[in-house]
Amino acid sequence: MLKVENVCKLFPGVQALNMVNIDFKEGEIHALLGENGAGKSTLIKIICGVYPPDEGKLLLDSQALKAKSYIEALKSGIAVVNQELQVLPGMTVAENIMLDKMAGFNRGGFINWRKVNKNAKKYLDMVDLDVRPTELMGTLSVAKKQMVEIAKALSSDSRILLLDEPTSSISESEAKKLFQILDELKKREIIIIFVTHKLEEVFQICDRVTVLRDGKLIDTKPIREVDKKALVRMMIGREEKFGSLINKNVKEEKVLEVSNLFKKGKSENISFHLRKGEILGFYGLVGSGRTETARIIIGLEKKESGDIYLNGEKIEPRSITDSLYRLKMAYITENRKEEGLLLMSSLLTNINITIWSKIASRFLRFINRRKEISSARSMIDKLDIKATSVNQVANTLSGGNQQKVSIAKWLIAECDLLIFDEPTVGIDVGAKEYIHDLIFNLANETGKSIILISSDMPEIIKVSNRLIIFHNKEIIGEIKDLNDYNNDYDVISKMIADCYIEAS
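Computed from a prediction, not measured in an experiment: that's the story for all the values here.

Draft legend 1. Representation of the side chain of Thr-167 within the structure. Relative to the assigned elements, Thr-167 resides in the loop between strand S9 (160–164) and helix H6 (172–187). Those residues in contact with Thr-167 that lie beyond four places of it in its chain are Ala-175, Leu-178, Phe-179, Lys-198 and Glu-201.

Draft legend 2. The arrangement of the packing of aromatic side chains in detail. Evaluation of the coordinates by the stated rule reveals four aromatic pairs. Summarising the aromatic geometry, the rings of Phe-11 and Tyr-51 are spaced 5.2 Å apart at their centres and angled 65 degrees between planes, so their arrangement reads as edge-to-face. Residue Phe-11 is located in strand S1 (residues 2–11), and its partner Tyr-51 is located in the loop between helix H1 (40–47) and strand S4 (55–60); the two are separated by 40 residues in the primary sequence. Assessed through its relative accessible area of 26%, Phe-11 is described here as partly exposed. Ring geometry for Phe-282 against Phe-470: centres 4.9 Å apart, planes inclined by 50 degrees, an arrangement best described as tilted. Taken together, the positions of Phe-282 in strand S15 (residues 279–283) and Phe-470 in strand S21 (residues 466–471) put the pair 188 residues apart, joining distant regions of the chain. These aromatic residues form a ring-pair network of at least three members: Phe-272, Phe-282 and Phe-470. Its end group placed over the ring of Tyr-434, Lys-404 keeps NZ or CZ at 4.5 Å from the ring centre.

Draft legend 3. Spatial organisation of the pairing of strand S14 (residues 267–275). Here six bridges tie strand S13 (residues 254–263) to S14, and the two strands are oriented antiparallel to one another. Within the sheet, the bridge partner assigned to Val-258 lies in S14 and is Phe-272. Taking the residues that link successive antiparallel strands as the turn, the S13-S14 hairpin has three residues, and the phi of Gly-265 there is positive, at about 80 degrees.

Draft legend 4. Structural detail: the nonpolar core. Leu-33, Leu-182 and Val-209 are the most contacted members of the largest nonpolar core, which totals 56 residues. With seven residues, the top contributor of residues to this core is helix H5 (residues 142–154). Judged by nonpolar contacts, the second largest core, of 49 residues, contains Ile-351, Ile-359, Leu-418 and Ile-469.

Draft legend 5. Main features of unusual backbone geometry. A positive phi is found at Asp-61, a non-glycine position, where the angle reads about 55 degrees. Tracing the chain through its elements places Asp-61 in the loop between S4 and strand S5 (63–64). One non-glycine residue, Glu-165, lies in the positive phi region at around 50 degrees. With respect to the helices and strands, the residue Glu-165 is situated in the loop between S9 and H6.

Draft legend 6. Summary view of the sheet that holds S13. Taken in spatial order, the four strands of this open sheet run S14-S13-S16-S17, and their pairing is antiparallel. At either margin of the open sheet sits one strand with a lone partner, and together these are S14 and strand S17 (313–315). On average, each strand axis in the sheet is tilted by 20 degrees relative to the strand beside it, whichever way the strands run. Looking at chain direction, strand S16 (residues 305–310) and S17 are connected through three bridges and run antiparallel. Bridge pairing in S17 links Tyr-309 to Lys-314.

Definitions and cut-offs
Residues numbered from 1 in each chain as written. Predicted model: local features only at pLDDT ≥ 70, side-chain atom pairs only at ≥ 80, totals over all residues. Heavy atoms only, no water. Helix = DSSP H or I, 4+ residues; strand = E, 2+ residues; numbered from the N terminus. Contact = heavy atoms within 4.5 Å. Phe/Tyr/Trp six-rings, centres within 6.5 Å; stacked < 30°, edge-to-face > 60°. Buried < 20%, exposed > 50% of the residue type's maximum accessible area, 1.4 Å probe, protein only. Lys NZ or Arg CZ within 6 Å of the ring centre and 35° of its normal. Pairing = 2+ DSSP bridges. Core = buried A, V, L, I, M, F, W, Y, C linked by side-chain atoms within 4.5 Å. Axes fitted to C-alpha atoms, helices over the stretch in contact; angles between N-to-C directions.

Nothing here speaks to function; it is all geometry.
Written out as structure tokens, the structure is:
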């Protein structure tokens, strides 16, 4: 058993953990839940030696666990799969998996690369990932990088496995494979600590659940003794708002029209339109063509054929900068860590980066500091971003607050068309609810036209006016007005399933 006894952790101005007590047992999957900033990641970092506790202690089989670094934690049998990918893009897949074990392949100053690659392949096969051990990590998709991280953790033959949002960037089929692996690890009496914001996963695979809120332990219960409403109430201190958001201000005016958009392996003759004030849902699994189509529209990828019309005029987006300044289109990426934020820069920089040209002096070309601070503070207040100041570094924020900053930089640019790509991946119930309301209000109250890309079926049914369903880089169906079906989740989800059945 791993015991957390009276653990406290204080950061400047923040009590991250306050007298937390939890028992993690062998042979069970133990969910660790809470809103962003509740203390989950801090506790994981204490267990794996990144942070020392200020008070309290950790016990492993009644013996004090005092890992002072992650290397020491690995030697104690503790492995972690981080939500924030810890990969070396310039090295091979095999090197990333076997990095902490390379000394075992060294003979006389030479690495036996055949054995390195062979051993790495064994763990790639365990997660059913079809990539070569010799491929560079930097060439892989986010989902494949995540699976390599999981393979790396499995390679450590750990007694304790900590998984921080392991399914946030992988497909449904990949998640199913992961759950099968975790079930096998349970049989080997491994302690599995599972952090997720996807509550359906908790009920699917977990044995017990612990909820933290504001750094404090709320409760630990067997999963059979709680339901979703009870968990949400424990996490956010109130009932979750249910029901769909009804947007009645959609105009007939077509803002965006796409005709036979084609790029090999990305988009197969995609055609659709987006109306003023409409929230158009792009539903499908990772790699189905949703994101690929959006990236072509916004200028991040170059189309091979087809036409794009904005407000009736044919356009050729040259880059995301061109889309922002000339066409007033914004793309809020699904990959906030690598594409959405400058993680080591301040909120001041991250929020204002899209409007520097507007707040710079006309003659001297320096940024007006007063305007920069004022605009950043206004967005922090508007989006309720939990930060100590505009100078706080983005990397120190919780996932939900990082997502709000990623959204803020595009809202401040006052674009007319916004594409939100998986805007609530990896964030908690409360922050997810806030972002849903934000997207709805942008369309319903300010007349913005929005494309919402999501693989979260409840989310896309709740927020969208109309749905387009993607599969294998094609559009396989459309549900024209969700209000016609009273936003009935069961009815609409069956219609989506029927589209897949017909396509196959």
